[in-house]
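# Fold and contact review
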Amino acid sequence: MYASIEEIPTYFYKSSLQRAIQFIKRHRDIYFDRIKSIKDKPSSILLSSLVADCVKDEIMLSVTEIINKFIFGFQSKSISIMQDGKILNPVDLRENLIEYYSEKRLSLILNWINSLNQLMNISEEFRFKQNINTDINERVYNDYFKGTTIIEPTNP
Amino acid sequence: MKEYITTILKELQLLNQQILRCFKMYELINDINTIMKNQEQLKLYDFAGEYVLSGKYFYTLEFNGYCVEGNKNIKFIIPKNFPNRIPTFFVYDYPKDIEHIYSDHSVCLATLGEIISYVNNNSSILKFCNKFINSFIFTIEWFDKYNNYPFGDRDHGYKGLKDYYLDDLNLTMDQYKMMVSIIYNSSYRGHNLCFCSSGKKIRNCHGSFVLPIIKNKHLKNIFLNEAWMILSKDGKE
């Protein structure tokens, strides 16, 4: 009779899939904030569906492996719910999750995926940690930058 | 006797100016040495009227928790009589779509008005370096990743030059014209009311911007040159 919402369970352990989605969403939020286009960021339901779908037949994957599979799947359009320029809602295949996404928005999403790919492809540990600091969480790996000069902003 | 005292006073004044120049030069060299610290791939050349820093510039810069670390090929020309003359900065590694870098690789660091105002209040090349050069390098790094300007950018040509006076010095176009007239005619009187209609005496208001320009022939020339560009809309009117 009354609409009810199930309580969110308390997780004491987050699976690799949850962690991977958390990482991707954090990178997305920071990237779209910095390109000053927050309204164009891909929705969380879209990302969760894509990431979950690209690893649905796999087990025991690490966080890194899941993120890389998502990047590869998105770039090569090989994720099963990506069909004919649409991204289908896995719980209702009649719904296209990007039906109202403009060309510009889709192009920005692709740029973001490329940026995420660049981050994941840094092989040098030191540089990777520096980039985790700037792209994900400024409170970690602070000491990987030595003798930082705080700049005064000036517009050219 | 009177003539003799006048001559001595004039000589003392000249000596005083020379000491001041030497002191400023000493400060400048000290600052340049500080910049050169840990810059093993940056070379310092001492030419007649200027110092030139050329080579790879290493940096670790931060703004609002965002850090960038790297190096760039640069050339930084510092006139020996800085801050009476304004330095020029060249950069050779940058993303192809970035604006504000001319074809000779010299950089439009900020509007002339902003640079003049800054060097009037900060005579240290170290501060200049941080305010304009490090900030621009940070902008390049940011632009490379996000394809936009972290602190915004000004319009090209007279519009960008004008914006500094209208937005940062809070002047209207008529008030700007009055300021140009005062500088052109060197008709500064500190006790007069300021042209910005604040009701304050000019010495307690925009005088801190106007007076150093009137006193400095070089700054006055570049200010008037810029004023011509603004008032003639880049020479089109």
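Residues numbered from 1 in each chain as written. Chains lettered and ligands numbered in written order. Predicted model: local features only at pLDDT ≥ 70, side-chain atom pairs only at ≥ 80, totals over all residues. Heavy atoms only, no water.

## Focus: the confidence of the model for chain A
Rules: Values of pLDDT, which run from 0 to 100, indicate the predictor's confidence residue by residue. By definition, any uninterrupted DSSP run of H or I lasting at least four residues is a helix, any uninterrupted run of E lasting at least two residues is a strand, and each is numbered from the N terminus.
Per-residue pLDDT for chain A averages 92, and the proportion of residues at 70 or more is 99%. Summarising per-element confidence for chain A, the mean pLDDT is lowest in strand β4 (residues 149-150) of chain A (90) and highest in helix α3 (residues 63-75) of chain A (97).

## Considerations on the pairing of strand β1 (residues 42-46) of chain B
Residues and elements named next belong to chain B. The criterion, for reference: When DSSP finds at least two bridges between two strands, those strands are taken to pair.
Sheet topology places β1 next to strand β2 (residues 50-63); five bridges connect them, and they run antiparallel. The partner of L44 across the bridge, within β2, is L53. With antiparallel pairing between neighbouring strands as the criterion, β1 and β2 make up a hairpin whose turn holds three residues.

## Let's talk about the confidence of the model for chain B
Residues and elements named next belong to chain B. Averaged over all residues, the pLDDT of chain B equals 91, while 100% of them reach at least 70. Mean pLDDT across the elements of chain B bottoms out in helix α1 (residues 2-36) (84) and peaks in strand β4 (residues 88-91) (97). Across the predicted assembly, pTM comes out at 0.85 and ipTM at 0.82.

## Digging into the pattern of salt bridges
Just so we agree on the cut-off: What makes a salt bridge here is a side-chain nitrogen of Lys or Arg within 4 Å of a carboxyl oxygen of Asp or Glu, nothing more. For each residue, the accessible area found with a 1.4 Å probe, counting protein chains only, is set against the maximum for its type, and the residue is called buried under 20%, exposed over 50%, and partly exposed in between.
Counting across every chain of the model gives 14 salt bridges over all chains. The closest approach of N and O atoms between R94 of chain A and D92 of chain A, which form a salt bridge, is 3.0 Å. Residue R94 of chain A is classed as exposed on the basis of its relative accessible area, which comes to 76%. What makes D92 of chain A partly exposed here is its relative accessible area of 25%. Of the charged contacts in the structure, one is a salt bridge between D46 of chain B and K80 of chain B, with a shortest N-O distance of 2.5 Å. Residue D46 of chain B is located in strand β1, and its partner K80 of chain B is located in the loop between β3 (66-79) and β4; the two are separated by 34 residues in the primary sequence. Accessibility expressed as a relative area gives 53% for D46 of chain B, which makes it exposed. Where salt bridges share partners, they join R28, D29 and K41 of chain A into one cluster.

## Focus on unusual backbone geometry
Residues and elements named next belong to chain B. Here the bond from F82 into P83 is cis, since omega is 5 degrees, no more than 30 degrees from zero. Note that P83 resides in the loop between β3 and β4. In this structure, H105 is a non-glycine residue whose phi angle is positive, near 75 degrees. Positionally, H105 belongs in the loop between β4 and α2 (112-121).

## With respect to the packing of aromatic side chains
So the rule is basically this: Note on ring pairs: Phe, Tyr and Trp rings are taken, using the six-membered ring of Trp, and paired if centres are within 6.5 Å. Classes follow the plane angle, with under 30 degrees stacked, over 60 edge-to-face and the rest tilted. Consider the ring centre and the ring normal. A charge sits over the ring if Lys NZ or Arg CZ is within 6 Å of that centre and within 35 degrees of that normal.
The final tally for this structure, using the stated rule, is 27 aromatic pairs over all chains. Judged by centre distance (6.3 Å) and plane angle (70 degrees), the ring pair of F209 of chain B and F223 of chain B falls under edge-to-face. In this pair, F209 of chain B sits in helix α6 (residues 207-215) while F223 of chain B sits in helix α7 (residues 217-231), placing the two residues 14 residues apart along the sequence. Note on F209 of chain B: relative accessible area 4%, which makes it buried. Judged by its relative accessible area of 0%, F223 of chain B is buried. An aromatic cluster is built from Y31, F32 and W112 of chain A together with F63, Y66, F138, W142, Y146 and F151 of chain B, whose rings are joined through pairwise contacts. Residue placement shows K80 of chain B over the ring face of Y51 of chain B; its charged tip is 4.9 Å from the ring centre.

## Notes on the interface of chain A and chain B
The line we're drawing: Residue contacts are defined here by distance: any two heavy atoms, one from each residue, within 4.5 Å place the two residues in contact. A simple way to read buried area is as the amount of 1.4 Å-probe accessible surface that goes missing from two parts once joined, with both sides added.
Taken together, the 24 residues of chain A in the interface contact 33 residues of chain B. In total, about 2,500 Å² of surface goes out of reach between chain A and chain B, with carbon and sulfur atoms giving 52% of it. Summed over the three residues of chain A that lose the most area to chain B, namely I151, T154 and P156 of chain A, the buried surface amounts to 31% of that side. If you look at where chain A meets chain B, you find one salt bridge. One salt bridge connects D135 of chain A with K145 of chain B, and the closest N-O pair in it is separated by 2.7 Å. Elements with a minimum of two residues in the side of chain A that touches chain B: α1 (16-34), α5 (125-135) and β4 of chain A.

## Brief notes about the packing of α2 of chain B against helix α3 (residues 125-146) of chain B
All names here are of chain B. To keep it simple, the criterion reads: Every axis corresponds to a line fitted to the C-alpha atoms, with the helix fit spanning only the stretch in contact, and the corresponding angles, defined between N-to-C directions, vary from 0 to 180 degrees. Under this scheme an angle from 65 to 115 degrees is roughly perpendicular, one under 35 degrees roughly parallel, and one over 145 degrees roughly antiparallel; angles in between are oblique. Left-handed describes a crossing in which the near helix is turned anticlockwise from the far one by less than a right angle; the clockwise case is right-handed. For this classification, Asp, Glu, Lys and Arg are treated as charged, while Ala, Val, Leu, Ile, Met, Phe, Trp, Tyr, Cys and Pro are nonpolar and the rest, including Gly, are polar.
Contact geometry for α2 and α3: axes closest at 11 Å, N-to-C directions at 150 degrees. Classified by the angle their axes make, α2 and α3 are roughly antiparallel. As for how α2 packs across α3, the hand of that crossing is right-handed. Across the interface between the two elements, E114, I115, Y118 and V119 of α2 pack against K127, F128, K131 and F132 of α3. Here the residues of the contact of α2 with α3 are counted per class, giving five nonpolar, no polar and three charged.

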